[in-house]
Structures are given as C-alpha cells and as structure tokens.
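Residues per chain are reported as follows:
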Amino acid sequence: MKRRWIMLLALVLVFTMVFAACGPKQEAPTEDKKTEETEKPAEDAKKEEPKEDEKKEDEKEPAEEPKKDGDYWTKATQPDLNPQLATGRGKETLVVGSAQFNGVFNPFFRDTSYDQNIIDQIFDTTLKNDPEGNIIDNVCKLDIVSATEYKLTILHDVKFSDGKPVTGDDIKFAYLLAGHPDFDGIANFDDAKIVGYAAYQKGEAEDIEGIVVSEDKKEVTITLEEGNVLFKFDTSVPIYPSHYYAPDGKIDIAYIRSLNEAPMGSGPYKFVSYTAGQEVVLEANEDYWQGKPQIPNIIFKIISSSAELSSVLTGDVDIMEINATTDNRMEAEKAGFLDLCVYPTNGYGYVGMNQKANPILADKTVRQAIAHSINRKGVTEAVYGEFGNEINIVQSRVSPYFTDEGVNKYEFDLAKATELFKEAGWEKNANGILEKDGQPLKINFLGMEDNPVQQILVPEMIKDFKEVGIDFSVEYVDWATLSNRVTEQEAEMWFMAWGLSINPDNANIYGTDRDQNRLAYSNPALDALYKEAYKETDEAKEKSIWGEIYRTINEDAPAIPIYQRSDMIAANTRVQNLVASPYYRVYWDLWKATIE
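The notes below deal with the structure included here. (Residues numbered from 1 in each chain as written. Predicted model: local features only at pLDDT ≥ 70, side-chain atom pairs only at ≥ 80, totals over all residues. Heavy atoms only, no water.)

### Let's talk about the overall build of the protein chain
Part 1 of the reasoning: Looking only at helices and strands, the protein chain has 18 helices and 26 strands in total.
Part 2 of the reasoning: Taking all 596 residues of the protein chain together, 62% fall into the buried category.
Part 3 of the reasoning: When the accessible surface of the protein chain is split by element, carbon and sulfur atoms take 46% of a total near 21000 Å². (Helix = DSSP H or I, 4+ residues; strand = E, 2+ residues; numbered from the N terminus. Buried < 20%, exposed > 50% of the residue type's maximum accessible area, 1.4 Å probe, protein only. Areas by Shrake-Rupley, 256 points an atom, 1.4 Å probe, with all protein chains shown as cover.)

### Notes on the sheet that holds strand β10 (residues 219-223)
Part 1 of the reasoning: A sheet is described by the order of its strands in space; here 4 strands give the open sequence β7-β8-β10-β9, paired in antiparallel fashion. Among the strands making up the open sheet, the edge pair consists of β7 (140-146) and β9 (211-213). The sheet shows a mean angle of 20° between the axes of neighbouring strands, direction not considered.
Part 2 of the reasoning: In this sheet, strand β8 (residues 149-154) lies alongside β7 in antiparallel orientation, the contact comprising 6 bridges. Paired with C140 across the two strands is I154, which belongs to β8.
Part 3 of the reasoning: Packing of helix α4 (residues 168-179) onto the sheet brings it into contact with β7, β8, β9 and β10, and relative to β9 it is tilted by some 165°. (Pairing = 2+ DSSP bridges. Axes fitted to C-alpha atoms, helices over the stretch in contact; angles between N-to-C directions. Contact = heavy atoms within 4.5 Å.)

### Considerations on the sheet that holds strand β18 (residues 427-428)
Part 1 of the reasoning: Spatially, the 3 strands line up as an open sheet ordered β18-β19-β20, and their pairing is antiparallel. The sheet is open, and its two edges are formed by β18 and β20 (439-440), each paired on a single side.
Part 2 of the reasoning: Note: β18 against strand β19 (residues 434-436), 2 bridges, orientation antiparallel. Paired with K428 across the two strands is L434, which belongs to β19.

### Digging into the layout of surface pockets
Part 1 of the reasoning: When its volume is computed, the second largest pocket comes out at roughly 450 Å³.
Part 2 of the reasoning: What lines the second largest pocket is a set of 23 residues, and nearest its centre among them are D190, D191, K193, R514 and K531.
Part 3 of the reasoning: Only α5 (197-201) and α17 (524-535) provide two or more residues apiece to the lining of the second largest pocket.
Part 4 of the reasoning: At 5 residues, α17 tops the list of elements feeding residues into the lining of the second largest pocket.
Part 5 of the reasoning: Of the residues contributing to the lining of the second largest pocket, the split by class is 9 nonpolar, 5 polar and 9 charged. (1 Å grid on protein atoms, 1.4 Å probe; cavity = no way out; pocket = protein on both sides within 12 Å on 5 of 7 lines; lining within 4 Å. Points joined across faces, edges and corners; volume = space filled by probe spheres on them. Nonpolar A, V, L, I, M, F, W, Y, C, P; charged D, E, K, R; others polar.)

### Quick notes on the packing of helix α12 (residues 376-384) against helix α14 (residues 452-468)
Axes are the key here: two packed helices are described by the angle between their axes and the distance separating the axes.
Part 1 of the reasoning: Packing of α12 against α14 leaves a shortest axis separation of 9 Å and a crossing angle of 150°. Between α12 and α14, the interaxial angle falls into the category roughly antiparallel. When you trace α12 past α14, the crossing you get is right-handed. The residues of α14 that touch α12, namely those facing V379, A382, V383 and Y384, are P452, V453, I456, L457 and E460.
Part 2 of the reasoning: Each residue belonging to the contact of α12 with α14 can be placed in one class, and the counts come to 8 nonpolar, no polar and 1 charged. (Parallel < 35°, antiparallel > 145°, perpendicular 65-115°, else oblique. Left-handed = near helix turned anticlockwise from the far one by under 90°.)

### Thoughts on the nonpolar core
Part 1 of the reasoning: In terms of nonpolar packing, the biggest core is built from 121 residues, with Y175, I194, F300, Y510 and I549 touching the most fellow members.
Part 2 of the reasoning: Sort the elements by how many residues they give to this core and α4 lands first, with 7 residues.
Part 3 of the reasoning: Beyond its immediate stretch of four places on either side in the chain, I549 contacts N506, L526, L529, Y530 and A533. (Core = buried A, V, L, I, M, F, W, Y, C linked by side-chain atoms within 4.5 Å.)

### As for the packing of aromatic side chains
Part 1 of the reasoning: Using the criterion set out here, one finds 27 aromatic pairs in the structure.
Part 2 of the reasoning: Relative to Y240, the ring of F108 has its centre 4.7 Å away and its plane inclined at 70°; by these criteria the two rings are edge-to-face. With F108 in the loop between β4 (93-98) and α3 (113-122) and Y240 in the loop between α6 (231-234) and α7 (242-245), this residue pair connects regions lying 132 residues apart in the sequence.
Part 3 of the reasoning: Taken together, the aromatic side chains of F108, F109, F123, F173, F183, Y240, Y244 and Y245 make up a single cluster linked through ring pairs. (Phe/Tyr/Trp six-rings, centres within 6.5 Å; stacked < 30°, edge-to-face > 60°.)

### Considering the pattern of salt bridges
Part 1 of the reasoning: Per the counting criterion, the structure on display carries 25 salt bridges.
Part 2 of the reasoning: For D143, the salt bridge is made with K141, and the minimal N-O distance between the two is 3.8 Å.
Part 3 of the reasoning: Among the residues examined, D143 registers a relative accessible area of 28% and is labelled partly exposed.
Part 4 of the reasoning: Close ionic contact of K270 with E283 constitutes a salt bridge, the shortest N to O distance being 3.7 Å. On the criterion of sequence distance, the pair formed by K270 in strand β11 (residues 269-275) and E283 in strand β12 (residues 279-284) is long-range, its members being 13 residues apart.
Part 5 of the reasoning: Residues joined in a network through salt bridges with shared partners are R89, D318 and R574. (Salt bridge = Lys/Arg side-chain N within 4 Å of Asp/Glu carboxyl O.)

### Let's talk about the environment of E419
Part 1 of the reasoning: If you trace the backbone, E419 turns up in helix α13 (residues 414-423).
Part 2 of the reasoning: A C-alpha to C-alpha distance of 8.0 Å links E419 and A369, two positions 50 residues apart in sequence.

### A short note on the side chain of S581
Part 1 of the reasoning: Relative to the assigned elements, S581 resides in the loop between β25 (575-576) and β26 (594-595).
Part 2 of the reasoning: If sequence neighbours within four positions are ignored, S581 has contacts with Y72, P131 and Y343.

### Re the side chain of R514
Part 1 of the reasoning: Here R514 shows up in the loop between α16 (507-510) and α17.
Part 2 of the reasoning: Of the polar contacts made by the side chain of R514, one reaches the side chain of N508; its length is 3.4 Å. (Polar contact = N/O pair within 3.5 Å; in protein donor to acceptor, adjacent residues only side chain to side chain.)

### Remarks on unusual backbone geometry
Part 1 of the reasoning: Although it is not a glycine, Y410 adopts a positive phi angle of roughly 45°.
Part 2 of the reasoning: The class for Y410 is buried, based on a relative accessible area of 5%.

### Brief notes about the environment of E460
Part 1 of the reasoning: Residue placement: E460 occurs in helix α14.
Part 2 of the reasoning: Distance from E460 to G378, taken between C-alpha atoms, is 9.2 Å for residues 82 residues apart in sequence.
Part 3 of the reasoning: Excluding residues that lie within four positions of it along the chain, E460 makes contacts with N375 and V379.

Below, the structure is given as structure tokens:
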C-alpha cells in the first residue's frame, strides 16, 4: 500500500510544503526532531522526548497557540560576538546543520524529514500553505468547481532547472506515478476515488480517466467518483519533471529510484552533490520563477545530535534545530549572536508496538497495561521541561482538529497496569516475569543510543517494566537501521515521532493495511470512521468525526503518544529573513534568506 501525501507543516513532514495528500512524516526519535507523517526516529528522538508539566492534565495549558510569522523569534543581543568561523564564510554560502540523510532525495520515495529538507529546495509544489496553515496558491491555483471536480491552473512561467517548461503533464505525472501498479513509494490517492484511478492502479487501464490536461497544458481537471472534503489537500503535489524521470514516456520505478541521488526539479536550488555521512551541497537556480535565491550556495552538513548546540555556537553551521530545553535556550541566548525561534511542534513522539512482530501486542488490554507502565509525564518533563507536554491522542495540540475530550489519559500507574495484565491472563511466575499459558511476556525494544529522549525514556521503561513483570530487552542501532526495520515491520517496539501537516487524515498510519501502518493494527470500525469523515461537508460534524477517530485510536492504544514538544531553531544572526511557525518549516523559504 502506499501512503498519502500529507500537507506538512511544512515539511514534508515531511512534502512539507503542501503535499497534501500525504500523511505525516516520520522523524527520527527525536527523532523529528522530526514521523511524515513521513516519520523519522525522532529527530525528536534526538531532540525530543516525552515530557509533561507538573500540572494535572485538566489544569495544563495547551501548547502555545499558533502565532503569526515572526512572533516566535527572539533576536540576538550581541551580534559583534559572532565567531570568525561563521563570518569568515562570507555571504556566498549558508551552512545548515542536519541529522543523517538516507540519500532518498525524491518526494515520492523519501522517508525522513531530513531528506525532505533537501527535496524542499529542489522541487516545487502546485499549492502550499502559509505560516498560519492556510492553503494558498503557489505554482498553481486551485478552483473547486464542485464537490467532485477540482481544477489546477498553472499561474506562472515556471521552468525546470534544465530549462524545460512545467506543464500540466508534469502535474498529472504525480498521480500517474503514485497510482502505478509497481509504485512502492510513499504517496497514494486511494481514498480520493479519482475516476479511473483504481483501474489504472490495477493495470487495467493505461491512463487515469478522471485526470484531464487541457490542450494548452495549463490546466489539470480532476474528477472524483464522489465528494471528498479532504481532496483539496491531495491537489498539492510535488511537480515532477516527467521528461527527466520517464524519458521514454513510461514509468519505470527502478529507473526513477536510480535518480534518488540526482534529483531535478523547478525549485529555488539545484542539486550539486551528496557525500554520505557528511553533507549535501546545493546551488542557486538562477532561473527560479520567484527570483534568484539571495544566497548562491547551501551546504546541509551532518551534525551529531550531541553536537547540535555546539555546532552553531562555534559558527560551524549557521542554522541548527536544537533540542528545545531550558538549558539549551539559556546557553544559546548567552552566546549573544544567535536568533532563536521557539514554537510548538506540529507533531508528536510515540512508542510504537508492532502486533505482527510480537503477537503478544495484539491484545488491546496488554497494550493498555503497557501504556500505564510508561512514565510519560516524568520522561517528558525530564527531557523537555517547559518545552513539552504529555499528549494522549495522535494529533498535535496546534491542530484545529485536536481534542482530548473523553480520552483515556493512561496515567503512570503500575498497580493499574498489573490489574490489566491480570485481566488479560498474565500472572507473574517464580522469576517475577509475567507468564500466560507457559509463555513469558517478552518484548524487544529497538532504539537509538544517541538520542536525548531515549536516554531517559529507555532506562525508565527498563526499571518500570521489570517491576510489572515484563521481560524487556533493548537493542541499539543507528537511525538508518531503525528506520528500515520499523518500515519492514521487524521491530517489536520503538520510539519515533511524527511530523504532521494541516491535513488531519492519519488513515495511512492507522488504517487497516495502509502503507505507513507499521503497527500491523486494524480496526474495521476505525476504517469506517475515516470514510465517514471524507464525506462529511459540515465542518462541525467533520471535526466531531475526527474526534471520534482520535478517541478510537486512544482506546485501542496501537501506539502510545508520549509528548508534543516545541521546536527550537538557533540561527546565526548574520542570516536574516527566515520564516518559521508550527505550520511552516524554516527550510521552506531558505531561498528568501540573506546573509548580512
């Protein structure tokens, strides 16, 4: 199955820009810090982890409300303290710190937000969202002709970096690629019910009947079998040069994948080189349709999670997303030459449990008992302090769809956990290990040692799981291995984070047999709720259905939400004109940035 694009808060969460149709991107365990929906082991994993306030849940204030662009920044107080390492680079090159790349610089196949950050520089999208989360025109404008007819019109004279013009055929190519019978990437439009899409996907048709490109190649009209209120998100797609990725007019997935490290698009920057484990180098697209980027060169330099703050303090990098903690903020402010941007992340960190990799986890009562066995509040507080909140549903507090009304809060309560394990038929044996029908309750956790969240979360889990009687083992791997094993459903339990978009749809993660469902979780009632939500045109009723979706997932506990943290961006004050918000990744408008 393929995942749907999601409108990233930017990113790409992953397409961060308006890859509406997709789901969240996954992030590294502090990972995303950054799940988009492509998910990464949380950058969050590197930087984020669960945390919570000292307040009771019902007293706790939600994370900061979204603000207008610019309100999240605190300006440097002593620019003259800027280190020579930074100022000596001059104005020609911007250095951006990053976690490891997977080297998949292709919007249809990438699986981490780090790779997406590169993709955002190279590829345009038809539509985008503004810092407040509103869908706006980009290369195209969208006209919703009727409940079943949508029209994209190319507004500008846009060219790919090889000089060839962007046409409606290139926009249609996104749908043809995602729907191709051999496609194994991250996007799909299965739920959209585009006329002829299913037949094309099955190989019964060579074209998608419901997507028509006008004779002048400026308009693309998409017709649906039935109304779908979320389809507007699916009209924001990456603009892919079909002549480059399918030179003979035929889609060859292996050939397209062979170009993962040689991307080409119509975005503000062009790809120059990628050195695994070191850096990605980009150069300005002088013919970019919105104007030549102000900074000629960008280097995305790989920085270990332990060196994130020091890298920007020494001037080694100009921009770095650092773990949002009180200590980091104080140290960054003390430096005097850093502008700081702090805003609530549109995403969440979670502990995933794969029911296929470990059938014991297929029992809902066992999963609920495990949820009560994790000190989510304590871990969140320890990792993020004032910059994190324990969260109970799989949606960000900044989303207009967020609600935790009527949800199980899974307070940390080992006595309650023991009671639930007993209810599920598990009793401690002579060795203090829970056992059922002669089988011990064993769980293996796949984690990353170099991750601030897991450095606190995992020891807590080891201690508390032992007390309730879980035979718990931990295996540490690198990010690439973790990502691959989670994706291949080989991991039993792990910690990662999801970066979300403005699209509330998470069916690709929790829907039965969906692409990003690494949990092997299925609930037919939940699948039915998704279909109901797609058809509901009344906004209040639609939000009510999404609330029921989140409550259903909360009750089933296929994954355990841990926290929503804040993002903290430290930028050398020599770099100006940066934009960032919960809905707008700082990487999206690097082409507007200047070096003073």
